[in-house]
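# Structural overview
So the chains spell out like this:
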Amino acid sequence: MSSHLIVLPVVLPLVAGILLLFQRQGSVRVKRLIGTGATLALLLVGIALVARAAGGEVTYYALGDWQPPFGIVLVLDRLSALMVLLTAVLAVGAVVFACAGDDERGSNFHGLFQWQLMGINGAFLTGDLFNLFVFFEVLLLASYALLLHGGGKERIMSGVHYVVLNLAGSSLFLIAVGILYGATGTLNMADMATRLATLPAEREGLVVAGGLMLLVVFGLKAAILPLYFWLPKAYAAAPAPVAALFAIMTKVGIYAILRVYSLVFGEAAGPLANLEQAWVWWLSLGTLVAAAIGVLAARDLRLLVAYLVLVSVGTLLAGIGIGTPAAVSALLYYLIHTTLITGGLFLLAEMIGAQRGQAGTRLVKGRPLRQGGWLAVLFFAGAIAVAGMPPLSGAIGKALLLAAAEGAERAWLWPILLLSGLAAIIALSRAGSTLFWRSTGEADGQRLAHRQWFGVAWLIGVAPLLVVLAGPLVDYTDATAEQLANPESLTRTLLNTEGDAP
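A quick note: this is a predicted structure, and the numbers were derived from the prediction, not measured.

### Section: the packing of helix H13 (residues 301–322) against helix H17 (residues 407–436)
Packing of H13 against H17 brings their axes to within 11 Å, and their N-to-C directions diverge by 165°. Judged by the inter-axis angle, H13 sits roughly antiparallel to H17. Considering only the axes of H13 and H17, their crossing is left-handed. Along the contact surface, H13 presents Leu301, Leu304, Leu308, Val311, Thr315, Ala318, Gly321 and Ile322, while H17 presents Glu409, Leu413, Leu417, Ser420, Ala424, Ala427, Leu428, Ala431 and Leu435. Of the residues that constitute the contact of H13 with H17, the class distribution is 13 nonpolar, three polar and one charged.

### Points about the pattern of salt bridges
Using the criterion set out here, one finds seven salt bridges in the structure. Where Arg32 meets Glu104, a salt bridge forms, and the shortest distance between an N and an O atom there is 3.0 Å. Note that Arg32 is positioned in helix H2 (residues 28–53) and Glu104 in the loop between helix H3 (78–98) and helix H4 (109–125), a separation of 72 residues in sequence. A relative accessible area of 16% places Arg32 in the buried class. What you see here is one network of salt bridges that share partners, running through Arg32, Asp103 and Glu104.

### Some remarks on the packing of aromatic side chains
For the coordinates displayed, the defined rule picks out 19 aromatic pairs. Taken together, a centroid distance of 6.0 Å and an interplanar angle of 40° make the contact between Phe130 and Phe133 tilted. Here Phe133 and Phe130 lie together in helix H5 (residues 129–147), a separation of three residues that amounts to about one turn. By relative accessible area, which is 36% here, Phe130 ends up partly exposed. On the basis of relative accessible area, Phe133 is assigned to the buried category, the value being 13%. Residues Trp281 and Trp282 carry aromatic rings whose centres are separated by 6.4 Å and whose planes lie at 65° to one another, so their mutual orientation is edge-to-face. The exposure class of Trp282 is partly exposed, given its relative accessible area of 47%. Each member of the aromatic cluster is reached from another via a ring pair, and the members are Tyr144, Tyr162, Trp230, Tyr235, Phe246 and Phe346.

Thresholds, definitions, all that
Position labels on residues start from 1 in each chain and follow its written sequence. Local features in a predicted model are, by the rule used here, given only for residues with pLDDT of at least 70; side-chain atom pairs are given and counted only at 80 or more, and totals for whole chains, interfaces and linings are based on all residues. The basis for every side-chain value is the complete set of heavy atoms in the structure, and neither hydrogens nor water enter the calculation. Whenever a helix is involved, its axis is fitted only over the stretch in contact; in every case the axis is a line through C-alpha atoms, and angles between N-to-C directions fall within 0 to 180 degrees. A run of H or I in DSSP counts as a helix once it spans at least four residues, and a run of E counts as a strand once it spans at least two, with each numbered from the N terminus. For classification, angles of less than 35 degrees are called roughly parallel, those exceeding 145 degrees roughly antiparallel, those between 65 and 115 degrees roughly perpendicular, and all remaining angles oblique. Should the near helix be turned anticlockwise from the far one by less than a right angle, the crossing is left-handed, and should it be turned clockwise, the crossing is right-handed. What makes two residues a contact is simply this: any of their non-hydrogen atoms within 4.5 Å. In this classification, Asp, Glu, Lys and Arg are treated as charged, Ala, Val, Leu, Ile, Met, Phe, Trp, Tyr, Cys and Pro as nonpolar, and every other residue, Gly included, as polar. Salt bridges are defined by distance alone: a side-chain nitrogen of Lys or Arg within 4 Å of a carboxyl oxygen of Asp or Glu. Think of it in three bands: with a 1.4 Å probe and only protein chains considered, a residue is buried below 20% of the maximum accessible area for its type, exposed above 50%, and partly exposed in between. Ring pairs shown here join Phe, Tyr and Trp side chains whose ring centres sit within 6.5 Å, with only the six-membered ring taken for Trp; geometry is labelled stacked below 30 degrees between planes, edge-to-face above 60, and tilted in between.

In short, geometric facts, not functional conclusions.
Structure follows, in structure tokens:
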């Protein structure tokens, strides 16, 4: 069974999604049992994968026993294991929250949820560019339906923009993959990395074009300036559990940039090395500025959280732009923090809106909150964490990234990152005072379900936990960053016949 562990994050949600499809008209209780059970099982698999990868050994799974570089391979290293576990932790909070009633607002929620997990996990584990494209399409197809779950004019309008832009991105992705395959003769990322080292000069232009096209595609997925305009309204309009799961979607783009440009366009690529770095650095700063302005301008709590996601995207990209192992380690710690906290804030916004009557999540006067005390505690903890204030995990992540910047990078990053944090503090303070202090009338909102409280506490509660576990977690991210900076072990494992594939 241990030899098949790597493929379980893909197979498990696939099988669960098929079972849920057959149960589409069946009992809600059965669907919830299957969906929640599969997600909890995925959490256990994620823990096992991290334990397996923690020693630094790179392993792979060759589907159909077709060995690389010719077959389809799933690759497990520290980074892919971390991302699978992070996805599972986020998914547990989202699916439990959905079981309070959001899953009944449309058809086949749990099946689509599992298939999106399959696409996300496949993207994190795949070892070749074409299957990265395939898994991107799987997660996007599921996300199209999940975004429209429950219907409504606002969701349909946001969904149309989301679908059109991502279809354009998918077309560009396929073209880029075709160009790189034509220039190098392979789609396996490790094999492509070795071939770029001896690439004829006349093909370098094609590879540069393909590499930069991939950066546009990944930038669209990650919501980099100027490709982020689809995100705020789409995330704000999505059902709360879907928006929470979408918190990992932008991180798929971040992961793809990290993986492809550290492996394929790493130092061994010669003149093609670090193809993305200068572009990513300046785009990260622009994304931070634009997101900070959006945070200050937001007049709806869900929209505010969506712009906070963009702030985190700019912060993560800055780490990639710096490019040192210290910066990559910092961004990985911050990535864990921001994914779970923003996911929890999307769920919390839904709970607050449910108790404010017609005001909903708009930042205007509304009815008093029936359970305002506990909601205020969760909001306060989430706000401190996401703004990067001590003593919670956001402050540690930002401090690590600021410490990693040197020279001219420090002169640019420090003021922009700190000012974006100040913008978040101002916006969240204004939102909190409006939601919890400026109220009229009597509190008559519905009492919130225990599953909703669990989902939010599960995600926002990670902020103090990340502080307690900061030492071993930073050790892991340091080792991950070193492994990314030195991909020779991955290349050697995948391209040598003595690899330990099943």
